[in-house]
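# Fold and geometry: a report
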Amino acid sequence: MKVINLGIGYVGLNTAAALAWIGHDVCGVDIDPAKIEMLKSGKAPIREDGLDDLLKQATHLKYTTDISNIINEADVVFIAVGTPSLPNGHANLEYVNAAAKTIATTIMPTHDVTIVIKSTVPLGINAAIERRIRAFVAQRGGDVSKLHFASNPEFLREGCALSDTFYPDRIVIGTDDDVAFKMLSTLYAPLLDQSFAIPPSVPAPANRPKTQLLRTNQTSAEMIKYASNVFLALKISYINEISGLCEKLGANITDVATGMGMDKRIAPYFLKSGLGWGGSCFPKDIKALLQIGGDYGYDMPIIKAAWDVNENQKDRVVRQIQDELKIVCGKKIAFFGLTFKPNTDDVRNSPAVDLANKLIALGADVVFHDPVGLTNAKKVYADDAFSFADTPIAAATGADAIVIATEWKDYATLDYAEIKRVMNTPFLFDTRHVLNAAALRNIGFTYRDC
Ligand code: UGA
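Every chain is numbered independently, its residues counted from 1 as its sequence is written. The predicted nature of this model means local features are confined to residues of pLDDT at least 70 and side-chain atom pairs, given and counted, to a pLDDT of 80 or more, with totals for whole chains, interfaces and linings taken over all residues. In computing side-chain values, all of the structure's heavy atoms are included and hydrogens and water are not.

So, on to the sheet that holds strand S11 (residues 386-388). Spatially, the 6 strands line up as an open sheet ordered S11-S10-S9-S12-S13-S14, and their pairing is parallel. Since the sheet does not close on itself, it has two edges, and those belong to S11 and strand S14 (446-449), each with one partner. Adjacent strand axes in the sheet meet at a mean angle of 25°, parallel and antiparallel pairs treated alike. Note on contacts: a residue pair qualifies if any of its non-hydrogen atoms lie within 4.5 Å across the two residues. Between N-to-C directions, angles span 0 to 180 degrees; the directions come from axes that are lines fitted to C-alpha atoms, helices contributing only their stretch in contact. A run of DSSP states H or I qualifies as a helix once it reaches four residues; a run of E qualifies as a strand once it reaches two. Both are numbered from the N-terminal end. Here helix H11 (residues 301-325) sits on the sheet in contact with strand S9 (332-336), strand S12 (401-404), strand S13 (427-430) and S14, set at roughly 165° to S13. Those strands touched by helix H12 (residues 351-361) are S9, strand S10 (365-369), S11 and S12, and its axis lies near 160° from that of S10. Two strands qualify as a pair provided DSSP detects at least 2 bridges between them.

Lining the immediate environment of the ligand, one finds 21 residues, of which Leu156, Glu158, Lys225, Asn229 and Lys341 sit closest. Here Leu156 contributes a backbone N or O atom positioned 2.8 Å from an oxygen atom of the ligand. We call two N or O atoms a polar contact when they sit within 3.5 Å, provided that within protein one can donate a hydrogen and the other can accept it, with sequence-adjacent residues counted only if both atoms are side-chain atoms. Contact distances for the ligand include 3.3 Å between an oxygen atom and a side-chain N or O atom of Arg432. Only the protein chains shown count as cover for residues, and the accessible areas themselves come from Shrake-Rupley with a 1.4 Å probe. Within the complex, 91% of the 720 Å² of free accessible area of the ligand lies under protein. A cutoff of 4 Å decides nearness: a residue is near a molecule or strand if any of its heavy atoms lies inside that distance of it.

The source of the domain bounds is an automatic or database domain assignment. In terms of domain boundaries, the protein chain breaks down into domain 1 (2-216) and domain 2 (220-450). If you average the C-alpha positions of domain 1 and of domain 2, the two centres end up 32 Å apart. Taken together, the contact between domain 1 and domain 2 spans 29 residues of the former and 26 residues of the latter. Looking at the side of domain 1 facing domain 2, the largest losses of area belong to Arg47, Leu123 and Glu158, adding up to 29% of the total buried there. By salt bridge we mean one thing: a side-chain nitrogen of Lys or Arg within 4 Å of a carboxyl oxygen of Asp or Glu. Taken together, the links from domain 1 to domain 2 amount to 2 salt bridges. For Glu158, the salt bridge identified is with Arg348, shortest N-O distance 3.7 Å. If you look at where domain 1 meets domain 2, you find 14 residue pairs in polar contact (both at pLDDT 80 or more). Elements with a contribution of two residues or more to the side of domain 1 that touches domain 2: helix H5 (125-139), strand S7 (170-174) and strand S8 (212-216). The quantity reported as buried area is the accessible area (1.4 Å probe) lost by two parts once they are put together, taken as the sum for both.

Counted under the stated rule, the structure contains 21 salt bridges. Residue Arg215 pairs with Asp178 through a salt bridge whose shortest N-O separation is 2.9 Å. A residue pair is termed long-range when its members are at least 10 positions apart, and Arg215 in strand S8 and Asp178 in helix H7 (residues 178-192) qualify at 37 residues. Classification of residues uses two cut-offs on accessible area relative to the type maximum, computed with a 1.4 Å probe and protein chains only: under 20% is buried, over 50% is exposed, and between them is partly exposed. Among the residues examined, Arg215 registers a relative accessible area of 34% and is labelled partly exposed. As a salt-bridge pair, Asp263 and Arg265 come within 2.7 Å of each other at their nearest N and O atoms. The class for Asp263 is partly exposed, based on a relative accessible area of 23%.

The geometry of an aromatic ring pair is captured by two quantities: the separation of the ring centres and the angle between the planes. Classification of ring pairs rests on two measures: the distance between centres of Phe, Tyr or Trp rings, Trp counted by its six-membered ring, which must be within 6.5 Å, and the angle between planes, read as stacked under 30 degrees, edge-to-face over 60 and tilted in between. Applying the stated criterion across every chain yields a total of 12 aromatic pairs. With a centroid separation of 6.2 Å and 75° between ring planes, the pair formed by Tyr416 and Phe445 is classed as edge-to-face. Placement of the pair is Tyr416 in helix H15 (residues 416-422) and Phe445 in the loop between helix H16 (437-442) and S14, with a sequence separation of 29 residues. Taking the relative accessible area as the measure of exposure, Tyr416 reaches 5% and is therefore buried.

Our next topic: the pairing of strand S6 (residues 147-151). Burial of S6 is extensive: 5 of the 5 residues sit out of reach of the surface. Going residue by residue along S6, you find Leu147, Phe149 and Ser151 tucked away on one face and His148 and Ala150 tucked away on the opposite face as well. Whether a crossover is right-handed comes down to one check: with the strands pointing away from the viewer, does the path from the first strand over the helix to the second run clockwise; if it does, it is right-handed. Considered for its hand, the β-α-β crossover made up of strand S5 (residues 113-117), H5 and S6 is right-handed.

This brings us to the packing of helix H8 (residues 218-249) against helix H10 (residues 282-295). Contact pair H8 / H10: the axes reach a minimum separation of 9 Å and the direction vectors enclose 115°. The chirality of how H8 crosses H10 is left-handed. Residue-level contacts link Met223, Lys225, Tyr226, Asn229, Val230, Leu232, Ala233 and Ile236 of H8 to Phe282, Asp285, Ile286, Ala288, Leu289 and Ile292 of H10. Of the residues that constitute the contact of H8 with H10, the class distribution is 11 nonpolar, 1 polar and 2 charged. Crossings are classed by handedness, with left-handed meaning an anticlockwise turn of the near helix from the far one by less than a right angle and right-handed meaning a clockwise turn. Only Asp, Glu, Lys and Arg are considered charged in this grouping, and only Ala, Val, Leu, Ile, Met, Phe, Trp, Tyr, Cys and Pro are considered nonpolar; every other residue, Gly among them, is considered polar.

This is the structure:
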């Protein structure tokens, strides 16, 4: 099928690359000419496992800034632009609206076309966009009976976005329109029956369950996306709250989470306690859902509490560091990890940065190491009081504490005896449970986790 992906960010680019691999003719469209030029020259503007290799082999994937030449050949047009938070917490829909306007002003359908919103949008926005595009195209004399609409939320995680796209747990198609449903089922058929050639750079996870297809109406599909992200954030906040009590009582949170996760009703995923959740999705989606509830006079105390627990988690870590170092002012604290999670170079809304700022406010000097995030961090946090070190050992030299702030595997295999030797005091706070506590204590570290 001929597919257009409007918006070539994390969601758009990974989706486009995967759809092209499974045999569709895909064109990625973006308003950013620099991004399009970069992609045309074979480079990915984001770091994602397997993406560079996939793009090199993507003969069915083209890019343009101008949709008008290609839109009338397309069978499926995805809107996959960002919906960041507005200052009041509502989702900012300016990019979705702009994408919808671009479609409405260029499309003149001669065959069935399905327009699909993949961006995370508040409830009712799919229907509103559909009404606007239909009205505009009708005004321009177009045949609106050939236009079809669906909501198709994405569930991909940064860092394993391609794996999540090729091997999804479920595909949700929100539409009352049978033509739209049929077209999207055909588009996704190779993923649903896993009949495509496995890309060497994105191997299939072991023992993965069959992908499920769920058809709902547009509003339910929109809600599935918000409710899923918020539930995952809530699960993390829950384990972080339990971890605080474990710390007081002497229980081991890793063992507690393992024991809980063995119950298949609970499952072991998203039960890792630590610095809390960050990134560009959970915070914005929680805020948006609370705002949607607020618009309808509907209070959601559990979701509010999940937010508060996440904020307090960083203060809890600060208190534990104070407990150990006593005076934080003037101390050097080395952060191992800056990105909001491992396997990405995305440094936005990173809990590591929040924690660092709290320690800086208390007078600490913070130096960051990260295996891939430093280039972005130096741009995004140019005005912050952070220092950056190219190696873990350089960051640790003269430090009074190391905070493992991102779950990078790289940090598990360092020579900690050597690191201890260059530190001022051997205190290590493993907020992401990547190290072996007993081994660290054996070589003389004071080890804490959360
Ligand atoms: C999240 C969802 O997991 C995706 O399903 C969704 O499609 C995506 O948002 C989106 O809306 O686009 P993402 O933000 O990329 O994906 O990353 P996650 O793996 O969910 O991690 C989010 C945060 O939670 C990270 O800061 C991570 O370190 C933290 N986390 C995760 C924990 O603290 N503990 C855990 O057990 C798991």
